[in-house]
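Listed below, chain by chain, are the residues.
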Amino acid sequence: MSFSSTNFAAISFTFIIFLLDLATQHSLANVTANSTRRPRPQRLLSVDYYSKTCPQVDQLVASVTSQQFKEVPVSGPATIRLFFHDCFVEGCDGSVLISTKQGSKELAERDADENKELAVEAFDSINKAKTLVESKCPGVVSCADILAIAARDFIHLAGGPYYQVKKGRWDGKISMATRVNANLPRTNSTIDDLIQLFKSKGLTLEDLVTLSGAHTIGFAHCKNFLARLYNYKNTTKPDPFIDPRLLKALTMSCPRFGGNTDIVAPCDVTTPFLFDNAYYGNLESQLGVLASDQVLFLDPRTKPLVQALAKDNAKFFQDFAVAMDKMGSIGVKRGRRHGEKRIDCSMHEL
Ligand code: HEM
C-alpha cells in the first residue's frame, strides 16, 4: 500500500515510532437531535432492487472502489465516514454530496463546520463510481445507493466483512448546513448524548458500540483530541483515562498551541490499516484516541459490549454488517415526492 495522500503524509514520525513500539508490547491477537423521525421500515430497500434496470451495479462500483483503494487508500475510511454523516443528517439520501449553489447564502450540508473534515477523496470515489454507473445504466441508480455500496466495499477491502447492500434509496431534495449540528455526535458528547442521538435514529446501545468500531481504520486530526491531552474537562490536566505512552506520542505529534493543523493520528493505534476488532482491545487498554471512543469502555452500560467485541472478531464482523444495514436504512426516501435521482451527485436535479 502506498500512502500518497496528504493526510498520510501528515502522520507524524513520533507516531510511527509509537506504533512500532506498541506492536511489540501490545497483544494484537487478540438527540437530542431535532429530528424525532424514526427510520422507515427496511422493506423499502432490497438487495435486488436494480436486478432489471442495472444488475451489474455492485460490480461497477467495485471496479472503482478497488482501484481507489489501491491508489488512494484514504478513500476507504473517508467514504465510510461520509456514509455515516449522510445517514445521520436527513437520512441516507446522498444529501451530504450536494455542493452549495454558487452565490447562494444557504450552505449545503457538506459545508457545515462538522463536515469540513470529510476528505475530498471520499467525494471523488463516489463521483467516479457514479460516472461509471451512469455510462452503463443512465438515470437509474441513486447517489445514495452508490455511497452505501462503496462504503461496504471499502470495509471489505480493508479486511472487514462483506455483506449484501440493500438498495432503493432515492436522493434527497434537502441539503442544509443548519441541519447538521444537532444530528451528528461530537467527540466531547457524553455517553448519554451519544445513546440519545443514536436512539433518535432508531439505533440501539449495541449499535452505537458496534458502529463506533468503524474507527478501526482511519485518522483523526489533533484538534479532535487536543482537549484530552492538555485540558481534560477544563482541569488543565490530561485525561486520566489515557495510556501514558499514548499520551506522550500524541502530545509529541500535537502541541497544545500552534501545531500543524494537518497532522493526524490513527483512531486505532494498534492496527490502523486493518478493519478488525483491535479497536475494542485498545479501549480496554486505555488506548482510545477519541474521547467518544474511550468513554464506551468507561460506562457500565457499554463496557460489557466493548469486552464482548474485543474478544470475538467474528462477532464484531457479524454485528457490524447488521448494524450497517440498519444505519443504511435511516430516513430512506422513495419516489418523486420526496426524492430525486441525480445524474451529478453534487447537484440537485434541474
Ligand atoms: C459515535 C460517535 C462518533 C463520533 C463522535 C465520531 C467522530 C469522529 C471524528 C472526530 C473523527 C476524526 C475526523 C478527523 O479528524 O478528520 C472520526 C473519524 C472517522 N469516523 Fe467517526 N465518529 C463517530 C461514529 C462513527 C460511525 C458510526 C462511523 C461509521 C459507521 C464512523 C466512521 C469514521 C471513520 C471511518 C473515520 C476515519 C475517517 C478518515 O480517516 O477520513 N464514525 N469520527
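Up top is the structure.
Residues numbered from 1 in each chain as written. Predicted model: local features only at pLDDT ≥ 70, side-chain atom pairs only at ≥ 80, totals over all residues. Heavy atoms only, no water.

*Asks:* Hey, could you run me through the overall build of the protein in this one?
*Replies:* Secondary structure summary: the protein contains 14 helices and four strands in total. Taking all 350 residues of the protein together, the buried fraction comes to 55%. Total accessible area on the protein is roughly 15,700 Å²; 56% of this is exposed by carbon and sulfur atoms. (Helix = DSSP H or I, 4+ residues; strand = E, 2+ residues; numbered from the N terminus. Buried < 20%, exposed > 50% of the residue type's maximum accessible area, 1.4 Å probe, protein only. Areas by Shrake-Rupley, 256 points an atom, 1.4 Å probe, with all protein chains shown as cover.)

*Asks:* It is not clear to me how the packing of helix H3 (residues 57–71) against helix H6 (residues 143–157) should be interpreted in this structure. Could you clarify?
*Replies:* The description of two packed helices rests on the angle between their axes and on the distance between the axes. Put simply, H3 and H6 touch, their axes get as near as 9 Å, and they point 50° apart. Put simply, H3 runs oblique to H6. The element H3 and its partner H6 pack so that their crossing is right-handed. In contact with Val57, Asp58, Val61, Ala62, Thr65, Ser66, Gln68 and Phe69 of H3, H6 contributes Ile146, Ile149, Ala150, Arg152, Asp153, Phe154 and Leu157. Split into classes, the residues belonging to the contact of H3 with H6 amount to nine nonpolar, three polar and three charged. (Axes fitted to C-alpha atoms, helices over the stretch in contact; angles between N-to-C directions. Parallel < 35°, antiparallel > 145°, perpendicular 65-115°, else oblique. Left-handed = near helix turned anticlockwise from the far one by under 90°. Contact = heavy atoms within 4.5 Å. Nonpolar A, V, L, I, M, F, W, Y, C, P; charged D, E, K, R; others polar.)

*Asks:* Can you walk me through the state of the cysteines in this structure?
*Replies:* Should the sulfur atoms of two cysteines be covalently bonded, the bond is a disulfide. Going through the model one piece at a time under the given rule, you end up with four disulfides. A disulfide bridge connects Cys87 with Cys92, and the sulfur atoms are separated by 2.1 Å. Its torsion about the S-S bond being 120°, the disulfide of Cys87 and Cys92 is classed as right-handed. Assigned by exposure class, Cys87 and Cys92 land together as buried. Here Cys143 pairs with Cys345 through a disulfide, and the sulfurs are 2.2 Å apart. Taking the sign of the torsion about the S-S bond as the criterion, the disulfide between Cys143 and Cys345, at about -95°, is left-handed. In this pair, Cys143 sits in helix H6 while Cys345 sits in the segment after strand E4 (339–340), placing the two residues 202 residues apart along the sequence. Neither Cys143 nor Cys345 differs from the other in exposure class; each is buried. (Disulfide = S-S within 2.5 Å.)

*Asks:* What am I meant to see in the side chain of Ser142 here?
*Replies:* Mapped onto the elements of the fold, Ser142 is located in the loop between helix H5 (120–136) and H6. Within the structure, Ser142 has its side chain in polar contact with the backbone nitrogen of Asp145 (distance 3.0 Å). Separated by 2.6 Å, the side chain of Ser142 and the backbone oxygen of Arg169 make a polar contact. Other than its neighbours up to four places away in sequence, Ser142 contacts Tyr50, Lys130, Arg169, Trp170, Asp171 and Lys341. (Polar contact = N/O pair within 3.5 Å; in protein donor to acceptor, adjacent residues only side chain to side chain.)

*Asks:* Please explain the environment of Cys222 as it appears in this structure.
*Replies:* Residue placement: Cys222 occurs in the loop between strand E2 (219–221) and helix H9 (226–230). Residue classification places Cys222 among the buried positions, given a relative accessible area of 9%. Taking the C-alpha atoms as reference, Cys222 lies 9.8 Å from Val289; in sequence the two are 67 residues apart.

*Asks:* What should I look at first to understand the coordination of the iron atom of the ligand in this one?
*Replies:* The reference angle at a metal is 109.5 degrees if four donors form a tetrahedron and 90 or 180 degrees if six donors form an octahedron. Just one protein atom donates to the iron atom of the ligand; it is His215 (NE2), sitting 2.1 Å from the metal. Note that His215 resides in the loop between helix H8 (205–212) and E2. (Donors = N, O, S within 2.8 Å, 3.2 Å for Na, K, Ca; no water.)

*Asks:* Can you help me understand the site of the ligand in this one?
*Replies:* In the vicinity of the ligand there are 23 residues, among which Pro77, His215, Phe219, His221 and Asn224 approach most closely. Measuring from a nitrogen atom of the ligand, one finds a side-chain N or O atom of His215 at 2.9 Å. His221 has a polar backbone atom sitting 2.6 Å from an oxygen atom of the ligand. Counting residues per element, the ones that place at least two in the shell around the ligand are helix H4 (75–88), helix H7 (191–200), H8 and E2. Top element by residues in the shell around the ligand is H4. It accounts for four residues. (Near = heavy atom within 4 Å.)

*Asks:* Hey, could you run me through the pattern of salt bridges in this one?
*Replies:* Note on pairing: side chains with opposite charge can pair once their charged atoms come close. Overall, the coordinates contain 18 salt bridges when judged by the stated rule. In this structure, the salt-bridge partner of Lys166 is Asp325, at a minimum N-O distance of 3.0 Å. Within this pair, whereas Lys166 is found in the loop between H6 and strand E1 (171–172), its partner Asp325 is found in helix H14 (residues 313–327), the two being separated by 159 residues in sequence. One salt bridge connects Arg336 with Glu349, and the closest N-O pair in it is separated by 3.2 Å. Within this pair, whereas Arg336 is found in the loop between H14 and E4, its partner Glu349 is found in the segment after E4, the two being separated by 13 residues in sequence. Since its relative accessible area comes to 33%, Glu349 is described here as partly exposed. Linked by salt bridges that have partners in common, Asp58, Arg152, Asp153 and Lys167 make up one network. (Salt bridge = Lys/Arg side-chain N within 4 Å of Asp/Glu carboxyl O.)

*Asks:* Just to check I follow, could you spell out the nonpolar core for this structure?
*Replies:* Soluble globular proteins tend to pack their nonpolar side chains together in the buried interior. Core analysis: the biggest nonpolar cluster contains 74 residues, and Cys54, Leu82, Phe83, Phe88 and Met327 have the highest contact counts within it. With nine residues, the single largest contributor to this core is H6. Here this core spans two domains, since at least three of its residues come from each of domain 1 (9–31 + 186–323) and domain 2 (47–184). Setting aside chain neighbours within four positions, we find Phe83 in contact with Cys92, Leu147, Ala148, Ala151, Met324, Met327 and Gly328. (Core = buried A, V, L, I, M, F, W, Y, C linked by side-chain atoms within 4.5 Å. Domains from an automatic or database assignment.)

*Asks:* Can you walk me through H6 in this structure?
*Replies:* Here H6 contains 15 residues, and its C-alpha end-to-end distance of 21 Å stays within 8% of the 21 Å for a straight helix at 1.5 Å per residue. Counting buried residues in H6 gives 13 out of 15 residues, a clear majority hidden from the surface. Gly159 sits one or two residues past H6 and shows a positive phi near 110°. (Expected span 1.5 Å × (residues − 1).)

*Asks:* Whenever I open this one, the packing of aromatic side chains confuses me. Can you help?
*Replies:* What describes a pair of aromatic rings is the distance from one ring centre to the other and the angle between the planes of the rings. Under the criterion given, the structure shown has 12 aromatic pairs. Both rings, one in Phe275 and one in Phe320, keep their centres 5.0 Å apart while their planes meet at 65°; by these two values the pair is edge-to-face. Of this pair, Phe275 sits in the loop between strand E3 (264–266) and helix H11 (278–284) while Phe320 sits in helix H14, and the two are 45 residues apart along the sequence. As far as burial versus exposure is concerned, Phe275 and Phe320 are alike and both buried. Joined through ring pairs, the aromatic side chains of Phe275, Tyr279, Tyr280, Phe316, Phe317 and Phe320 make up one cluster. Above the face of the Phe297 ring, Lys303 is positioned so that its terminal group lies 4.8 Å from the ring centre. (Phe/Tyr/Trp six-rings, centres within 6.5 Å; stacked < 30°, edge-to-face > 60°. Lys NZ or Arg CZ within 6 Å of the ring centre and 35° of its normal.)

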